[in-house]
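# What the coordinates show
One-letter residues, chain by chain:
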Amino acid sequence: MNLFFTILTCAVVFAGVVVPSFAETVLDEITVRGQQEPAQEESLTVREIRESPARDMGEAIKSIEGVSCVRKGAIANDPVIRGFQKDNINVLVDGVRIHGACPSRMDPPSFHVDFAEVEKVRVVKGPYDLANPGSMGGMIDVTTRKPRQGWGGDLALTYGSWDTINASAIGSYGGDRLDALLGYAYKYSGVPEAGNGKLITDVYSATSPNRYRSNAVDSHAYEINTGWVKVGFKPTANSRTDLAYTYQDADHVLYPYLKMDADYDRTNRLNWNYSIKDISATLREVKLQTYWDRVGHLMDDRLRMSSNPTPAIKRPYSMQTDARTEVIGGKASTTLKLGQGEFNGGVDYYNRNWDALNQRAGYFAYRTLNMIPDVYVDNFGIHGEYEYPLASMLRIKGGIRGDFTWVKADHGNTLVPAGTNTDFQNVSANLQLTYAPVKGLDLYLGLGRGTRTPDPEELYIDVPAAAPAVSWKGNPALKSTVNHQADLGMKFSGERFYLSASLFYSDLTDYVNFYSVSSTVKSYQNIHASMWGAELGSQIALPLDIYLKGALTYTEGENLSSGRPLSEIPPLRGMVAIRYDNGVFFAELAENLTREQDLVDSGLNEQRTGGWATTDFKLGYSFRTFSFFAGVNNIFDKYYFSHLSYLRDPFASGVGVKIPENGRNFYLTATYRF
Ligand SMILES: [Cu+2]
């Protein structure tokens with residue numbers, strides 16, 4: 001602490017003498033967060049994205065109240081909103097629905113967008129997005145960067161502990177009619193070390209079949225190349241069309257949490273948009289979108305001892321899964337000015353295919369098993385929302401959405417025959433009231449009904465195993481989950497501060513719960529569940545360019561059918577940060593605190609996780625179009641575990657095996673903008 005205050009004092013003196021303050025980025029942020037963002041939404045600002053040493057978007061948005069993530073390796077962080085994860089939330093990139101191919105979720109949707117592509121991340125907490133199917137517990141809306149006016153470019157290079165490299169180059173041109181952007185990103189990392197000085201791959205006993213081979217334990221953790229191009233054209237002054245394409249190739253991604261690692265993960269993402277504005281006094285905007293994406297994923301255990309338990313056995317691997325998923329979709333929407341209010345409505349459609357083939361040695365003799373049996377999901381939806389100012393201090397917004405979903409397995413497995421199908425009809429709706437009795441005070445009430453259909457894995461996955469090993473089976477009889485949620489929010493803000501508080505309660509009918517059917521079978525069941533929680537956030541600008549930030553997040557989930565806690569719920573978490581920032585130079589010290597999680601699902605043998613505190617420090621300096629950032633995370637080299645970052649059977653790589661979080665790590669970033 002003393003060291004920090006010495007640095008801080010030096011910084012204040014140095015900055016006060018040498019550089020005049022010219023930008024007030026953090027103050028702008030306070031204004032946006034306090035006065036412009038709706039109570040149920042949060043965002044990651046451009047500044048936070050620029051400063052963040054995060055390897056991916058999932059890791060970066062952990063800084064938002066109410067958001068955490070599940071980690072299975074050094075990258076591929078999977079966001080969790082409050083207690084909602086996986087298909088209980090939507091993660092969309094420029095409105096594009098993208099899914100991971102891996103049945104063990106090595107590649108969550110957020111993995112398929114490079115952090116360097118990202119301009120803004122908006123998080124909607126609760127069932128308040130009606131423009132997309134399935135935003136039952138919330139939505140993460142990623143907006144990618146657009147070209148700036150004229151010729152421009154951005155170069156960024158981060159180098160850090162364990163040879164971590166985040167490098168990106170973006171070139172763009174923005175004209176009156178035509179604009180274009182070209183980007184490239186390269187990411188690489190060695191295997192991180194935990195606070196105990198051991199590699200995160202070095203967590204297995206000397207006899208575990210899942211331990212890494214000696215030549216793989218310290219191989220690199222991942223290597224990812226991403227390239228993207230975006231071309232825009234304005235046919236008229238009030239219309240625009242653009243086409244964007246991204247290709248991502250991730251190689252050799254280690255997942256010490258699981259029994260296999262990824263050989264590759266290849267993504268294609270194509271997105272076309274057209275919009276026309278100000279058509280008439282009533283017809284304000286019409287938007288059209290079509291997209292296509294495809295992910296191919298191959299994983300096996302060739303880096304683990306299980307692949308070749310004895311030198312006598314010659315085989316490349318003992319298990320492998322070859323998976324792919326593809327989505328094609330389209331949307332049409334319109335904005336109308338009706339009376340004093342505004343109407344937004346539209347229709348959307350998507351088709352998703354998911355196929356995963358599994359091969360295993362031993363009893364299965366490398367027979368190909370239809371793990372996910374070539375499943376097609378078709379979804380058609382229609383939605384409308386109306387926002388109306390009831391009085392100068394009171395706004396009301398309400399809407400409704402209907403969805404038709406058809407699911408069909410083209411192949412069969414030991415669980416279902418080929419041609420098995422099911423369908424769902426769902427209605428989502430919400431009503432939101434914002435009341436501002438005095439300037440600077442906003443009160444919010446949200447009532448929402450959100451739905452989501454069971455996904456192909458929960459319905460039809462089949463991973464048979466010879467007992468005593470555990471089989472993993474889908475449940476073809478699953479129903480859609482319905483979330484009835486109430487949100488209360490309060491925001492108190494001024495020129496130099498904001499304080500926000502929110503409280504939610506969620507009643508979940510037919511929540512899809514993973515459970516033990518018997519000691520040798522695990523599957524999914526519909527249960528009655530509830531979740532509640534609260535978040536507190538604040539940012540304050542003090543004199544002498546000093547800023548304080550604090551956040552607190554809590555969620556509790558209960559399986560009302562069994563009276564047990566829900567599994568994988570993040571524990572109580574808080575953050576406090578002090579920052580000196582004069583617009584040219586900044587220094588920030590942050591303390592992250594997490595309480596132990598003892599609300600665990602004993603039915604899945606979920607274990608409690610202890611509490612922890614870590615300290616991060618960063619510095620930054622801007623000189624003309626150059627910026628430099630340097631930081632150290634987990635300064636005191638704490639050895640700790642995140643409750644969400646390990647999984648249970650049949651996904652877990654061993655009984656009692658937990659993967660620790662990263663130990664002390666340094667990074668240096670240089671950016672150049674022209
Ligand atoms: Cu995988």
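Above this note sits the structure.
Everything numeric here is computed off the predicted structure, so don't read it as measured data. (Residues numbered from 1 in each chain as written. Predicted model: local features only at pLDDT ≥ 70, side-chain atom pairs only at ≥ 80, totals over all residues.)

### Here's the deal with the overall build of the chain
Note the threshold: Counting from the N terminus, the helices are the DSSP runs of H or I reaching at least four residues and the strands are the DSSP runs of E reaching at least two. Within these notes, the globule rule equals 2.2 Å times the number of residues to the 0.38 power, and the radius of gyration is based on C-alpha atoms. Throughout, a pair of residues is in contact if the C-beta atoms placed from their backbones lie within 7 Å.
Counting its secondary structure elements, the chain contains five helices and 32 strands. In terms of C-alpha radius of gyration, the chain reaches 25 Å, essentially the compact-globule figure of 26 Å for 674 residues. Projected onto its principal axes, the C-alpha coordinates of the chain cover approximately 70 × 60 × 50 Å. Of all intrachain contacts in the chain linking residues separated by at least 6 positions in sequence, the fraction that spans at least 24 positions is 65%.

### Here's the deal with unusual backbone geometry
Definition in use: Burial in this document is a count-based property: other C-beta atoms within 10 Å of a residue's C-beta are tallied, and the residue is buried at 20 or more, exposed at 12 or fewer, or partly exposed in between, with C-beta positions derived from the backbone.
Here the amide bond leading from Ala467 into Pro468 is cis, since omega sits at 10 degrees, within 30 degrees of zero. Within the secondary structure layout, Pro468 lies in the loop between strand S21 (462-463) and strand S22 (471-473). The residue Asp94 is not glycine, and still its phi comes out positive at about 50 degrees. Tracing the sequence through the fold places Asp94 in the loop between strand S4 (90-93) and strand S5 (96-97). Assessed through the 19 C-beta atoms surrounding it within 10 Å, Asp94 is described here as partly exposed. The backbone of Arg624 shows a phi angle near 50 degrees, a positive value even though the residue is not glycine. Turning to its location among the elements, Arg624 is positioned in the loop between strand S30 (612-623) and strand S31 (626-633). Overall, Arg624 belongs to the exposed group, with 8 C-beta atoms counted inside 10 Å.

### Focus: the environment of Gln340
Tracing the chain through its elements places Gln340 in the loop between strand S15 (319-338) and strand S16 (341-360). A tally of 9 C-beta atoms within 10 Å means that Gln340 is categorised as exposed. Spatially, the C-alpha atom of Gln340 lies 6.9 Å from that of Pro389, the residues being 49 residues apart in sequence. In this view, Gln340 contacts Tyr388 and Pro389; residues no more than four positions away in its chain are not counted.

### Some words on the pairing of strand S8 (residues 150-160)
Along any regular strand, the residues point their side chains to alternate faces of the sheet. Where we set the bar: At least two DSSP bridges between two strands are required for those strands to pair.
Bridging between S8 and strand S9 (residues 164-174) involves eleven bridges; their strand directions are antiparallel. Pairing of Ala156 across the sheet is with Ser168, part of S9. Linkage of S8 to S9, two consecutive antiparallel strands, is achieved through a turn of three residues, within which Trp162 is found at a positive phi near 60 degrees. Across seven bridges, the pairing between S8 and strand S32 (residues 665-673) is antiparallel. Of the residues in S32, the one forming a bridge with Leu157 is Ala670.

### With respect to the nonpolar core
Definition in use: Structurally, a nonpolar core is described as a collection of buried Ala, Val, Leu, Ile, Met, Phe, Trp, Tyr and Cys residues joined by way of C-beta atoms within 7 Å.
Met106, Tyr222, Val253 and Tyr460 are the most contacted members of the largest nonpolar core, which has 55 residues in total. Every residue in contact with Met106, bar those within four places of it in the chain, is listed here: Lys72, Ala76, Val253, Tyr255, Leu258, Ala262, His297 and Met299. Core analysis: the next-biggest nonpolar cluster, separate from the first, contains 35 residues, Leu44, Ala60, Val70 and Val118 among them.

### A closer look at the sheet that holds strand S6 (residues 118-125)
Taken in spatial order, the five strands make up an open sheet running S1-S6-S7-S4-S5, and their pairing is mixed. Strands at the two margins of the open sheet, each flanked by one partner only, are strand S1 (41-44) and S5. In this structure, S1 lies alongside S6, joined through four bridges in antiparallel fashion. Paired with Glu41 across the strands is Val124, a residue of S6.

Interpretation in functional terms is not warranted from these geometric data alone.
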